[in-house]
Structure formats: C-alpha cells, structure tokens
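# Descriptive structure summary
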Amino acid sequence: MGENLTYYTGIGYLSGAAAGAGKGLVDGVIASEPGDTAKLRVNRVLNASGQAARSFGNRAGVIGLMFAGLESGIVAVRDTDDMVNSVLAGLGTGALYKAASGPRSAAVAGAIGGAVAGLAVAAKQLLKRHIPI
C-alpha cells in the first residue's frame, strides 16, 4: 500500500498545482491594469500563477496523503480490500480535512469526500467492464 501513498500524494499535488496555475493565470490577467507594460503583466501573471499553484497543490497533496493513509489503515483493520475501504477513506479524509472548521463543516466535508470516493470507485468499475485496464 506504500505505492498508493506516493501515487495519491503526487497526483494530488500535480493536479492541484495545475488547477492553481490556471486559476492564477486568470487572476493575473484580470488584475492587469490598462497602463501596465507587457513585462509587468507577465510578472503579475507569473506571480499569481505561482502563488495559486503552490496553495492548491499543497492542499490537494495533503488530501491525497490523508486518503492513502486512511485507506491503508482501513484495509489493515478490515483485512479485506474492497470498494467500502475507499468510500470510508473518502469520508474520513473529508471529515479530518475540515475538522478544525467545526463539526458541521466536518460532517458535510466527510459526506462529500465519501460521495466523491464512491463515484470514483464506481466509475473505475464501470470502465473496467468496458475498457481493459
């Protein structure tokens, strides 16, 4: 299960960084002013992209790390590797990620995490039936 830890953390960080860079690009273009030189606009876009990419990447990487750790722990406790583990790990990850925001936020985030993990597992199973992976 150690490879899942590396995989989920890395994929989370890279996808979060890519999404953050896109958001930073949009923010940088919107923040540019009519009198800005091209050099200043490029600098503004690069700064906004780097800041957002770092922030989004770190958040998504931490979520991937928590998910992989919880999933490995659940597999060890239940002594079986099935779809329920992923859903429980998603539920726990969402709840832990938002635990500092209060019990209501943690419960909502846990439900969202469980639902997203369930949809991902269901989509993977559906793809397995039609595409050999």
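Attention in this report is confined to the structure presented alongside it.

Calculation criteria
- In every chain, residue numbers begin from 1 and rise along the written sequence.
- The predicted origin of the model limits local features to residues at a pLDDT of at least 70 and limits the giving and counting of side-chain atom pairs to 80 or more, whereas totals for whole chains, interfaces and linings rest on all residues.
- Side-chain figures throughout are based on the complete set of non-hydrogen atoms in the structure, without hydrogens or water.
- The term salt bridge refers to a pairing of a side-chain nitrogen on Lys or Arg with a carboxyl oxygen on Asp or Glu at a separation within 4 Å.
- The buried label applies to any residue whose accessible area, calculated with a 1.4 Å probe on protein chains only, is under 20% of its type's maximum; exposed applies above 50%, and partly exposed to all values in between.
- Pairs were defined over the aromatic rings of Phe, Tyr and Trp, the Trp ring being its six-membered one, requiring ring centres within 6.5 Å. Orientation was assigned from the angle between planes: stacked under 30 degrees, edge-to-face over 60, tilted for the rest.
- Under the scheme used here, helices are H or I runs from DSSP no shorter than 4 residues and strands are E runs no shorter than 2 residues, and both carry numbers assigned from the N terminus.

### Examining the pattern of salt bridges
Across all of its chains, the model carries three salt bridges by this definition. For D36, the salt bridge identified is with R44, shortest N-O distance 3.0 Å. The class of D36 is buried, set by a relative accessible area of 12%.

### A short note on the packing of aromatic side chains
Scanning the entire structure with this criterion turns up two aromatic pairs. With centroids separated by 5.3 Å and ring planes inclined at 75°, the aromatic side chains of Y8 and F67 adopt a geometry described as edge-to-face. Within this pair, whereas Y8 is found in helix α1 (residues 2-31), its partner F67 is found in helix α2 (residues 38-78), the two being separated by 59 residues in sequence. Each member of the aromatic cluster is reached from another via a ring pair, and the members are Y7, Y8 and F67.

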